[in-house]
Structures are given as C-alpha cells and as structure tokens.
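Coordinates in review
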Amino acid sequence: MNLNKLSPLLQLVLLYEQYVSVEAFEEVTGQNILEQEWTVIVQYFEQLSEVNNRIPFSYNEISDRFAFVKINKDYIDALSNENSVFYIELPRVMQYIAIENSNAVCAPYSIHRPQSYNVTGKGVLLAVIDSGIDYSHLDFRNADGTTRILALWDQSIEGTPPQGFSIGAYYSNKQIDEALQQDSIIERLEIVPSVDVLGHGTAVAGVASGNGRASGGQNIGIAPEADLLIVKMNSRGTTLEDFRGPTNADVMRGIAFAISEATRLNMPLSLVAGVGLNEGGHVGSSSLEVFMNQMSLVWPSNMTVGTGNEANKERHTSGRVSQGEIKNVQIAIDAGQKFYTSNLYKNYVDGMSFVIIAPNGEKTDIIPDMNGNVAYVFGNTSVLINISTDPFTAQVQTLVLLLEGFGTATVDSGIWTIQIIGDNIIDGRYNIWSTVTNPVIRTARFLEPDPFTTLTIPSTAELITSVASINGKTLQILNTSGRGFTADGRVKPDVAAPGLNVMVPEAGTEDKYTFYSGSSVASGFVCGAYALFMQYGLRVNPESYLYGEALKGLVIKYAKRPTQFDSYPNPAYGYGILCVSAVLEALKTIYNQ
C-alpha cells in the first residue's frame, strides 16, 4: 500500500477500521463503512482504462485529471500502487453556508442593478450548485408562467441522469413547464419531483437572479434575466437540525455538469456554490479547489463562493512554537459526542513531536512528525492519529486526530490536549481546524480560538471569487463571516457583499419571501453581478467574453473601501465591498460605450 497516495482519513480507516463507527464514517464521508465497495476521489495522470484492466472498479471521469471510482475497499491498496494514480481520498461531507433568520427585523440592503447600463444578465448562464430550488416560485418564472430554468439536475433522486453522469435525475425546461401547468402540487411533483427542503438554494438563486414577479418587481435579484441552471446536490435530513450537506464529490459533479451545459449552449457561465468545509490546509490545495481552478480555465466562466460562517465558532486555533518549547492546545469536548476530528497543519521543514492527553490524564507516547499512523484506547475513547505530508505542496505536513467513542460509548468529555513539542524549528507556525459535524450545535471548541484564517474551503482557491458577508445597512463585517488571509498569506476574501437579513424567495411557496443571512447570500450578489458584467462583454464583442481573472480584477479594483474600518486589503473585507455601478462605469470607459 502506497500511503503517500492516500488521504490521512483513508489511511486511518483502512488501518483501523475496527475503531471507526458506522455513524462517524457516514457523518464525515456520506458512506456506509460496512459496505464492501466505497466511492473514492482519484487524481490521476493518464486514462484509467488501462488500470481498470488490472483492477476491478467502476468509474466516472469528470475531467482529464479527476475521477470518482467505486471500488472494493480491499483493492484500494493495489490502486494506490499504480504509477498513473496520484492521490486517492474519501469524499468529505460539506455544510451549506447560510443560516435562515425567520425573525429578522433589519431591512435588507440591496446592491441595485443600475438601469442606465441596460444589463439584466440576459444571454448568460447562471448556475446555482446548492440545495435545489423551488421551481414553482414566481421569481423563477417568466411573465407567461413558464420557467426560467434551462435545466435542473437533482442528484438526490433516481431518474435519468445527465449525459456523462451516473446518479440523479435530469429535468429539462420543457419538463418543468409541463409540471408548472398542473393543477396541484402533487401532480406537479409527479412530473418533476425535485424540492428544496432546506430553502438554501432557493435563497441564493433569488439573490443572484430572482426577477421579483412575486413582489411586483420590488424584491428583484441582481441578474433577473439570466438563464438558470440548477444543481441540487445530494443531502440527508429534513430539518435544519438534522440536515447534512453534500460531499465535495457532489460539488465537483455539479461544477463539471455546469461547464458541460455552458459549453453545449455556447453561453458564458457565472456559477455559485453555497457550501464550505473546515478541513484542509487553507492554502487552496484541496482536491475540490484544484478541480475548481482547473475547470475555471476550460470555459468562459467565473466561480463564486462564500467564505463561510466560522469566524466566531471557536473551531480554529493557531500559534507558534519555538525550539525546545512545548505548547498545549486545549479542546473542550461536550458530553454525548460520538466522535471528534481536528486537523493540525505545520510547515514541513519544522521538526515537531506531539502528545495527545485525555481528560483523565492518560497520554500517548511522544509521536515524531515522521511517525505515520498510530492508535490508542483511553477510557471509552479510541484515539487515531495520522501524520502525512501534503502531496500538493512540499511545505505542508498534517496531523489528523480522530477521537471515537469506543463501541457503543461516546468520546470522554472534558478537556483534551494536543501537546506540540518544538524539536527542530525554522518557522514554527501551526494552524488547527476542527471538522464541522453539526452546523447548529457547538459540541467542541478550542479554549484559545483564532477568528482569522477561518475561511471555509473552497474559498481559499486562487481562481475563484471568495465573498465575505457584511451588514448591508452599516457596512460592518458580520461576526460570523469567515476571515482571511489564507494560511500561506494570500489575500482572501476577495470582496464583501451584503449577507445579513437579506429578503429572498421562500421555498415551499409561490409568492412569499423570507430573510436569510450568511456568506452564501453574499456570494449570490457577486454571482449575479458577474452575469451583468458578462452580458456587457457579450454586447461589446460576442466572440470574446469578458470573464475569469480579468473580470475578477475589475471587481477587486473598483470595490468600495470605507475608511472607517481598516486599511485594504484586510482579512475581513478583502479588497472592499462589491460595487456594481463602479465596475459598469469602468467597462463603459474601457470599451467607450
């Protein structure tokens, strides 16, 4: 088995499967550990067909470098020994990064679409990769009642998948129109049975592109005439408390689908993905971020994602250890937790050792940073530890700590300690992030948290636009908004946009609105703005779309920078607050139109 090609979690699960519970495995990966076949994400250099001749598995290639492979777990070691295989990892469950505020009292701030520039997003494909959409809401329908959605792919239900994919059900605009003509909801759902249980995707789509028909044009989105492409990702649960988000693999599928549809339709693409993940080095090197960077270059597009809502959740800490020093990082874990996971990232050049101390005082041996995988049992808790070098950057080394209630027990509650020993220090810095297992209930926290470098993944990807969330009335950053910079010092977020108590279409209704907050809402503003700018570029030169880093550069350059908050760029706002009219005015000057 080539451990260097396996993700830390996959190493631990394969080596110590007897210590990993069904509940924990499903919560983190979205899969059943008892099944003999697992789905893994594989990065590779060449086609997998030759490998498939030697090792039995089924696969779905979604780019020339990434594939989803369903394989008997006993064959994963053989797959890791293949020269053409670069990296293998388990999918990771992500969280939707907005929170409903049903009791909101603050009036929303809206970045109005300037009428004088005659831009509405027309001719641009706007993709929302999220929890789905209530396609019956009037804000997503034309004046004659027909749908504005060109296609809807629901990954969570059985049906006919899109071409090139093996899961979910694809619905065309004709099928959605047929459903909308039915007299009852039951009849409608017999034709297109896709619903947005969470309401999150409906909210983001409304901010980006709602046409305001249900409000007589008052609650209008940024790009009300953009054509919509909707991906409802896999998810579990029916309420906010028990709802579990999709995996990074589902997000990658959605992005690949959006790019393929934009290519087929020959339309520029503005895409927003409303999910985030706390696990990762926060340097833009995760598989999802590498994939998004890659896909952003294959078609005229701009991808947008919020920075998450982790700044005040006490799930990140950081520090610096010097030569010969011992640092104690304390984690408070509440009673009743079945498992807990955290990830420590350090500079590879530093020599460090680690000791894990349980609440009852039991401790591991001193674990050198080249040790690999070890397991202990303290009280009712199994302690699994992996130390790996990040395959995507030579500068990062990771320690993954997985605590599991042993058997039917829960993790021993109290103060757990990660002891960091400085052996041979050149840099000395470290960051630790806890995995988010429940977005609503805080079950574990660092006693000395750090609100910075709390952007969720994939918002640390270089070629996407990362959006922080502000109070639209006061322009202050929200205390939840994920902050930068990235762990390797790059400026993120890129810009900020309104994310507090924004009025959005309400799922489950045809003509009502509700309020939402969070960085997904803020990212909807930027996604819609990109559609406006792309339409402007189409009008100037249909053969050369305005998109990508050049367009992001204009958004950054002409952002508002209120002087009362900080110098710019800064970890809260990035380069400032989105200003649609300033960018359009700049385009007018650049193109002399």
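Structure shown above.
Since the model is a prediction, treat every value here as computed from it, not as a measurement.

The rules we used
- Residues numbered from 1 in each chain as written.
- Predicted model: local features only at pLDDT ≥ 70, side-chain atom pairs only at ≥ 80, totals over all residues.
- Heavy atoms only, no water.
- Pairing = 2+ DSSP bridges.
- Helix = DSSP H or I, 4+ residues; strand = E, 2+ residues; numbered from the N terminus.
- Buried < 20%, exposed > 50% of the residue type's maximum accessible area, 1.4 Å probe, protein only.
- Salt bridge = Lys/Arg side-chain N within 4 Å of Asp/Glu carboxyl O.
- Disulfide = S-S within 2.5 Å.

**Some words on the sheet that holds strand β17 (residues 351-357)**
- The five strands are arranged β18-β17-β22-β15-β24 in an open sheet whose pairing can be described as antiparallel. Either end of the sheet is taken by a strand with one partner, and the two such strands are β18 (367-368) and β24 (444-446).
- In this structure, β17 lies alongside strand β22 (residues 414-424), joined through seven bridges in antiparallel fashion. Within β22, the residue paired with F354 across the bridge is I420.

**So, the pairing of strand β16 (residues 339-347)**
- Counted residue by residue, β16 has nine buried out of nine residues, so it is predominantly covered.
- In β16, alternate side chains face the same way, and those of F339, T341, N343, Y345 and N347 on one face and Y340, S342, L344 and K346 on the other are all buried.
- Relative to strand β21 (residues 396-405), β16 is paired through nine bridges, and the arrangement is antiparallel. Along β21, the bridge assignment pairs Y340 with L403.
- Pairing geometry for β16 and strand β23 (residues 429-434), over five bridges, is antiparallel. Residue N343 lies in a different strand from β23, and its bridge partner there is W433.

**Notes on the pattern of salt bridges**
- Following the criterion strictly, the structure yields 16 salt bridges and no others.
- Across the pair E510 and R188 runs a salt bridge, and its minimum N-O distance is 3.1 Å. On the criterion of sequence distance, the pair formed by E510 in the loop between β27 (502-505) and β28 (513-517) and R188 in helix α6 (residues 185-191) is long-range, its members being 322 residues apart.
- A salt bridge links R320 to D427, with the shortest nitrogen-to-oxygen separation between them at 3.2 Å. On the criterion of sequence distance, the pair formed by R320 in strand β14 (residues 316-320) and D427 in the loop between β22 and β23 is long-range, its members being 107 residues apart.
- A relative accessible area of 15% places D427 in the buried class.

**Here we look at the state of the cysteines**
- Enumeration according to the criterion identifies zero disulfides in this entry.
- In this structure C527 is a free cysteine whose sulfur lies 18 Å from that of C579, the closest cysteine sulfur available.
- Under the relative-accessibility criterion, C527 is labelled buried at 0%.

Bear in mind that shape data such as this cannot, by itself, settle questions of function.
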